[in-house]
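Observations on the three-dimensional arrangement
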Amino acid sequence: MENPLRKIIQAHKNEKPVGIYSVCSANPFVLEASMHQAKEDGSELLIESTSNQVDQFGGYTGLTPRQFKDFVFNIAKTAGLPAGRIILGGDHLGPNAWQNQNSAIAMENARELIRAYVEAGFTKIHLDTSMRCADDPGDPHSLFDTRTVARRAAELCEVAENAAAQRSADLSAPVYVIGTDVPIPGGAQEELSSLRITPVNELEETIEITRKAFFERGLQDAWERVLAVVVQPGVEFGDTNVFEYDRARAQDLSQFIDRYPNLLFEAHSTDYQKKEMLRMMVEDHFAILKVGPWLTFALREAVFALSHIEDEWVARKKGETISDIRTVLDRAMLNNPGYWRKHYHGDDHSLAFARRYSYSDRLRYYWPDPSVEKALQQLIKNLQQYSPPLTLLSQYLPGQYFAVREGLIENTPTVLMRHKIREVLKMYSYAASGRQKN
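Described in the following lines is the structure provided in the data block. (Residues numbered from 1 in each chain as written. Predicted model: local features only at pLDDT ≥ 70, side-chain atom pairs only at ≥ 80, totals over all residues. Heavy atoms only, no water.)

Another point: the packing of helix 13 (residues 370-385) against helix 16 (residues 413-433). Put simply, helix 13 and helix 16 touch, their axes get as near as 8 Å, and they point 115 degrees apart. Taken together, the axis directions place helix 13 and helix 16 in an arrangement best described as roughly perpendicular. Of helix 16, the residues touching helix 13 (which contributes Leu376, Ile380, Leu383 and Gln384) are Pro413, Thr414 and Met417. (Axes fitted to C-alpha atoms, helices over the stretch in contact; angles between N-to-C directions. Helix = DSSP H or I, 4+ residues; strand = E, 2+ residues; numbered from the N terminus. Parallel < 35°, antiparallel > 145°, perpendicular 65-115°, else oblique. Contact = heavy atoms within 4.5 Å.)

In structure tokens form, the structure reads like this:
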């Protein structure tokens with residue numbers, strides 16, 4: 001059984017620039033919205049979890065790969081999307097979570113991580129060994145030695161191949177993503193003033209050295225299933241700025257990848273790009289578009305808007321309990337600052353602003369907090385009981401206001417939230433579809 005992602009390569013090599021977007025999120029509202037978008041498009045849906053979110057020990061979500069798969073498929077069942085339309089991927093799989101330990105320990109954990117993902121049925125594997133471990137030499141702010149990265153990637157690929165051989169024949173063989181110029185998960189940790197685009201000579205070296213490392217381990221067949229390379233095409237986002245795709249600057253990369261009949265690019269940190277920029281990226285062979293923080297950013301926008309509607313509409317009704325969710329969220333972030341402290345900088349006002357409105361959206365880590373979940377359910381309950389007046393929808397959620405007026409969606413809080421997230425997903429759907437601008 002061939003992995004459906006390989007059809008994208010064939011299309012590009014036949015000058016048909018189609019792609020796929022990769023939803024990198026464990027948020028149930030985001031996943032549900034993505035499934036409804038895939039249903040409307042009649043397309044496959046690629047969902048990826050990162051090595052921080054999901055690992056053999058549970059990650060920060062508390063889910064192992066098998067549990068994450070069950071979690072996703074349960075949402076799909078409710079949303080009405082057949083499980084066969086879902087492609088599961090693992091992002092940044094390698095020693096990332098254990099890079100503060102010596103390489104022997106970190107790589108042993110990485111091997112178990114890869115094995116757990118493949119055994120659970122994940123079929124797209126990003127082999128990311130681009131980070132130094134505690135005993136690796138060199139400047140931590142410089143690119144890691146390509147040969148070491150390639151050797152470790154091949155080692156992990158061998159683990160994946162062995163695990164895949166034990167799986168059900170109904171599952172396609174894994175496809176792989178490689179690359180050494182890999183953006184860190186979740187966006188930049190500091191405000192950036194410029195971006196380095198991967199030079200073509202470094203890309204060529206990465207491909208050839210990695211190919212050699214695969215062949216030295218007898219992984220010729222697996223090499224034929226290396227789908228994409230991660231490079232830096234000049235897109236990124238920080239707290240308040242976005243580096244937009246510049247086709248001219250990425251032209252050398254786009255032309256170079258044509259030399260390889262089985263390779264395309266995977267683009268990380270594409271969040272907040274303009275719709276037409278995303279389309280250009282697909283046309284230029286950046287065929288896999290990763291998106292994550294933008295989707296939870298849209299969720300946060302919807303929840304904040306609904307909370308303002310709650311303040312104007314429900315708070316004035318005698319005896320009703322208000323969610324106060326904006327305050328509850330900020331309190332949860334202050335009580336447990338580990339997810340945002342190293343990402344946000346400045347005085348108290350700057351930090352408070354970033355906690356709520358940063359493009360990096362570190363707030364996304366706090367939706368599972370029990371106090372936040374309780375407040376969100378209170379918000380939903382209040383606005384189910386007292387439907388938002390159209391005038392307040394127009395004020396705070398104008399896109400959803402028109403969708404309600406046109407009879408496209410119901411005026412209920414969860415539907416409004418889903419629609420807000422799908423405003424972003426529709427841009428990615430357009431970019432990946434190959435359709436020309438209307």
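Now that the structure has been shown, we can carry on.
Once that is clear, we can look at helix 5 (residues 146-164). Here helix 5 contains 19 residues, and its C-alpha end-to-end distance of 26 Å stays within 8% of the 27 Å for a straight helix at 1.5 Å per residue. Taking burial as the measure, the 19 residues of helix 5 include 15 buried ones, the bulk of the element. (Expected span 1.5 Å × (residues − 1). Buried < 20%, exposed > 50% of the residue type's maximum accessible area, 1.4 Å probe, protein only.)

Looking now at unusual backbone geometry. Backbone geometry follows two general trends: most residues other than glycine have a negative phi, and most peptide bonds adopt the trans configuration. Its identity is not glycine, yet Asp324 carries a phi of approximately 50 degrees, on the positive side. Looking at where Asp324 falls in the secondary structure, it is placed in the loop between helix 10 (293-313) and helix 11 (325-335). By relative accessible area, which is 39% here, Asp324 ends up partly exposed. One non-glycine residue, Asp361, lies in positive phi territory at about 50 degrees. By the secondary structure assignment, Asp361 is in the loop between helix 12 (348-357) and helix 13. Here Asp361 falls in the buried class, since its relative accessible area comes to 2%.

It is worth spelling out the pattern of salt bridges at this point. Tallying each qualifying case throughout the model produces 27 salt bridges. Across the pair Glu40 and Lys426 runs a salt bridge, and its minimum N-O distance is 3.0 Å. Residue Glu40 is located in helix 2 (residues 28-41), and its partner Lys426 is located in helix 16; the two are separated by 386 residues in the primary sequence. Each of Glu48, Asp91, Lys124, Glu266 and Lys290 takes part in one network of salt bridges that share partners. (Salt bridge = Lys/Arg side-chain N within 4 Å of Asp/Glu carboxyl O.)

Before going further, it helps to spend a moment on the environment of Lys7. Within the secondary structure, Lys7 sits in helix 1 (residues 6-13). For the pair formed by Lys7 and Val18, sequence separation is 11 residues and the distance between their alpha carbons is 9.5 Å.

For the rest of this paragraph, the subject is the environment of Asp135. Following the sequence through the fold, Asp135 ends up in the loop between strand 4 (124-127) and helix 5. We classify Asp135 as partly exposed; its relative accessible area is 40%. Spatially, the C-alpha atom of Asp135 lies 8.7 Å from that of Asn100, the residues being 35 residues apart in sequence. In this structure, Asp135 is in contact with Asn102 and Ser103, ignoring residues within four places of it in sequence.

On to the pairing of strand 2 (residues 45-50), then. The buried fraction of strand 2 is high, at six of six residues. Every second residue of strand 2 is oriented toward a common face, with Leu45, Ile47 and Ser49 on one face and Leu46, Glu48 and Thr50 on the other, all of them buried. Relative to strand 2, strand 1 (residues 20-24) is paired through three bridges, and the arrangement is parallel. The residue of strand 2 that forms the bridge with Cys24 is Glu48. Taken together, strand 1, helix 2 and strand 2 constitute a β-α-β crossover, and its handedness is right-handed. Regarding the hand of the β-α-β motif, the stretch spanning strand 2, helix 3 (residues 65-79) and strand 3 (residues 86-93) is right-handed. (Pairing = 2+ DSSP bridges. Right-handed = clockwise from strand over helix to strand, strands pointing away.)

A separate point is the packing of aromatic side chains. Applying the stated rule across the entire model yields 23 aromatic pairs. The structure contains a cluster of three or more aromatic residues connected by ring pairs, namely Tyr21, Phe237, Tyr272, Trp294, Phe297, Tyr359 and Tyr428. When the ring centre of Phe215 is taken as reference, the NZ or CZ atom of Arg211 above it lies at 5.3 Å. One cation-aromatic arrangement involves Arg300 over Phe304; the distance from NZ or CZ to the ring centre is 5.0 Å. (Phe/Tyr/Trp six-rings, centres within 6.5 Å; stacked < 30°, edge-to-face > 60°. Lys NZ or Arg CZ within 6 Å of the ring centre and 35° of its normal.)

In this section: the packing of helix 9 (residues 275-283) against helix 16. Packing of helix 9 against helix 16 leaves a shortest axis separation of 8 Å and a crossing angle of 30 degrees. The angle between the axes of helix 9 and helix 16 places the two elements in the roughly parallel class. Handedness of the crossing formed by helix 9 with helix 16: right-handed. From helix 9, Lys275, Glu276, Leu278, Arg279 and Val282 reach across to helix 16, where they touch Met427, Tyr428, Tyr430, Ala431 and Ala432. (Left-handed = near helix turned anticlockwise from the far one by under 90°.)

The eight strands are arranged 1-2-3-4-5-6-9-10 in a closed barrel whose pairing can be described as parallel. For this sheet, the mean inter-axis angle between neighbouring strands, taken without regard to orientation, is 25 degrees. Pairing between strand 2 and strand 3: six bridges, direction parallel. From the neighbouring strand, Leu46 faces strand 3, where its bridge partner is Ile87.

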